[in-house]
Amino acid sequence: MPVYGVADYIEACTKSLLAQTLEEVEFLFVDDHGPDDSIAILQRTIEGHPRASQFRVLTPEHNLGAGMARNFGIPEAQGEYISFIDPDDTVEPDMLEVLYNKAKSMDSDICCCYMQKCFPDGSTGDLLVNPHVEEGELTHEKRAYVLTHYVSLFASMVYRREMVLQHDIRFPEDRAADDSFFVSCVWMKARSVAYVDRPLYHYLIRPGSVTTTMQSDKYKKRLAVFSKLMQYSKDHGVYGDFKSELDYMYLKKGYLSSVANYIRNSRRPQAGTYREIYGELLKEVPDYKRNSYYRSNKVMRVLFLLLRRFPMLATIALRWYIKKNNIIS
């Protein structure tokens with residue numbers, strides 16, 4: 001768990017971890033050199049608790065950002081499975097026990113649950129659900145389905161640590177879409193999957209979080225991350241078997257999500273930036289018009305046409321499409 005600027009939330013999160021019914025678990029907090037007393041609050045919360053010895057605070061030399069802070073903790077983890085929980089969220093008391101037991105019973109590399117959107121006023125929103133395939137071995141057909149339908153609900157899963165280490169799965173240093181990168185690599189390399197159809201993770205939507213803060217150049221970071229993802233698939237022998245699926249992933253998560261991110265962060269979107277993002281698409285997937293998933297998606301084809309010829313009109317259409325298809329995760 002990376003800890004940065006969450007003084008208002010870290011106590012509730014920590015208490016939800018102290019309440020976990022799974023006994024054999026360690027909790028690693030990475031002090032990311034935040035501007036407040038989040039770490040002090042954490043330490044006060046666990047002080048004197050019977051489980052205090054299961055909590056460790058790791059301190060890198062400088063601020064890393066959430067993704068790299070998680071990377072800092074991964075080599076320190078000793079558990080059979082790893083889970084990533086954000087310090088402004090909370091989890092059900094039996095989350096880790098339920099996910100671990102299900103993963104163990106099926107010898108699965110990953111086990112997923114639902115996430116419940118929550119708001120500071122106590123209200124709740126939609127359930128966030130990972131794409132479902134039949135539990136067990138990830139066959140070619142199942143993996144193809146997940147790669148074209150996934151959402152990056154990385155905190156809703158437990159991951160076999162050996163798998164993460166064996167396939168060198170880490171978060172990228174770019175501070176955008178790092179969770180999408182990690183989850184995509186997991187779906188490429190995981191051998192098997194299991195599910196628990198319960199909302200065990202409470203995902204807080206709050207002002208000022210990384211996902212709700214405007215950054216005018218964030219689209220560039222997203223493009224860089226998905227370019228690295230395509231390279232990972234090639235370096236690790238996945239791209240050849242799943243070219244159509246990975247190219248389509250780039251069309252959705254790399255290209256369209258970057259355009260959408262630019263729109264969200266720009267008061268006056270410029271046609272030149274649309275052309276810049278399209279140029280990156282052509283570098284990664286020059287033959288995208290022949291992609292079978294693209295060809296069968298009429299709405300996507302229309303959006304691509306609008307973005308090239310009528311970018312301002314496409315801005316309106318894309319906002320609707322992104323919301324309807326949950327492209328930005």
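For the rest of this paragraph, the subject is the pairing of strand β3 (residues 55–58). With four bridges connecting them, strand β2 (residues 27–31) and β3 associate as parallel partners. Paired with Phe-27 across the two strands is Phe-55, which belongs to β3. Read as a crossover between parallel neighbours, the route from β2 over helix α2 (residues 38–46) to β3 is right-handed.

This part takes up the pairing of strand β6 (residues 110–118). Most of β6 is tucked away: eight of the nine residues are buried. As judged from the three bridges shared by β6 and strand β9 (residues 157–160), these two strands associate in the antiparallel manner. When the bridges of β9 are listed, Ile-110 appears paired with Tyr-159. Inspection of the sheet shows β6 paired to strand β10 (residues 192–204) by eight bridges, in the parallel sense. Residue Cys-112 lies in a different strand from β10, and its bridge partner there is Tyr-195.

Counted according to the given criterion, the structure contains 16 salt bridges. Between Arg-206 and Asp-88 there is a salt bridge, with its nearest N and O atoms 2.6 Å apart. Taken together, the residues span a long stretch of sequence, with Arg-206 in the loop between β10 and α8 (218–235) and Asp-88 in the loop between β4 (81–83) and β5 (90–91) at a distance of 118 residues. Pair check on accessibility: Arg-206 and Asp-88 agree, each one buried. The partner of Lys-283 in a salt bridge is Glu-280, and the shortest N-O contact between them spans 3.2 Å. Within this pair, Lys-283 and its partner Glu-280 are both found in helix α10 (residues 271–284), separated by three residues, close to a single helical turn. Given a relative accessible area of 27%, Glu-280 falls into the partly exposed group. Several salt bridges share partner residues, and in doing so they unite Asp-107, Asp-109, Arg-160 and Arg-191 into one network.

Take a nonpolar patch on the surface next. Side chains of Phe-310, Leu-313 and Ile-316 sit close together on the surface and give an oily, nonpolar patch of about 330 Å² of accessible area. For Ile-316, the position within the fold is in helix α13 (residues 311–325). Judged by relative accessible area, Ile-316 falls into the exposed class, the value being 60%.

Two elements in contact, helix α9 (residues 243–265) and α10, have axes separated by 10 Å at closest approach and are oriented at 165 degrees. As the angle between them shows, α9 and α10 are arranged roughly antiparallel. You can see that α9 and α10 cross each other, and the crossing is right-handed. Where α9 abuts α10, its residues Tyr-250, Leu-251, Tyr-255, Ser-258, Val-259, Tyr-262 and Ile-263 lie against Thr-273, Tyr-274, Ile-277, Tyr-278, Glu-280, Leu-281 and Glu-284. Of the residues contributing to the contact of α9 with α10, the split by class is ten nonpolar, two polar and two charged.

With that settled, consider the environment of Lys-252. Mapped onto the elements, Lys-252 comes out in helix α9. Judged by relative accessible area, which is 15%, Lys-252 ranks as buried. Taking C-alpha positions, Lys-252 is 13 Å from Glu-280, a pair spaced 28 residues apart along the chain. Among the polar contacts made by the side chain of Lys-252, one reaches the main-chain carbonyl oxygen of Thr-148 at a distance of 2.7 Å.

The next point concerns the sheet that holds β2. The parallel open sheet is built from three strands, whose spatial order is β1-β2-β3. Looking at strand neighbours, the two that pair on one side only are β1 (2–3) and β3, the edges of this open sheet. With respect to the sheet, helix α1 (residues 10–18) is in contact with β1, β2 and β3, its orientation differing from that of β2 by roughly 160 degrees. With respect to the sheet, α2 is in contact with β1, β2 and β3, its orientation differing from that of β3 by roughly 160 degrees.

The rules behind each value
- Residues numbered from 1 in each chain as written.
- Predicted model: local features only at pLDDT ≥ 70, side-chain atom pairs only at ≥ 80, totals over all residues.
- Heavy atoms only, no water.
- Pairing = 2+ DSSP bridges.
- Helix = DSSP H or I, 4+ residues; strand = E, 2+ residues; numbered from the N terminus.
- Right-handed = clockwise from strand over helix to strand, strands pointing away.
- Buried < 20%, exposed > 50% of the residue type's maximum accessible area, 1.4 Å probe, protein only.
- Salt bridge = Lys/Arg side-chain N within 4 Å of Asp/Glu carboxyl O.
- Patch = residues over 30% accessible without salt bridge, like charges linked within 9 Å, V, L, I, M, F, W, Y side chains within 5 Å.
- Areas by Shrake-Rupley, 256 points an atom, 1.4 Å probe, with all protein chains shown as cover.
- Axes fitted to C-alpha atoms, helices over the stretch in contact; angles between N-to-C directions.
- Parallel < 35°, antiparallel > 145°, perpendicular 65-115°, else oblique.
- Left-handed = near helix turned anticlockwise from the far one by under 90°.
- Contact = heavy atoms within 4.5 Å.
- Nonpolar A, V, L, I, M, F, W, Y, C, P; charged D, E, K, R; others polar.
- Polar contact = N/O pair within 3.5 Å; in protein donor to acceptor, adjacent residues only side chain to side chain.

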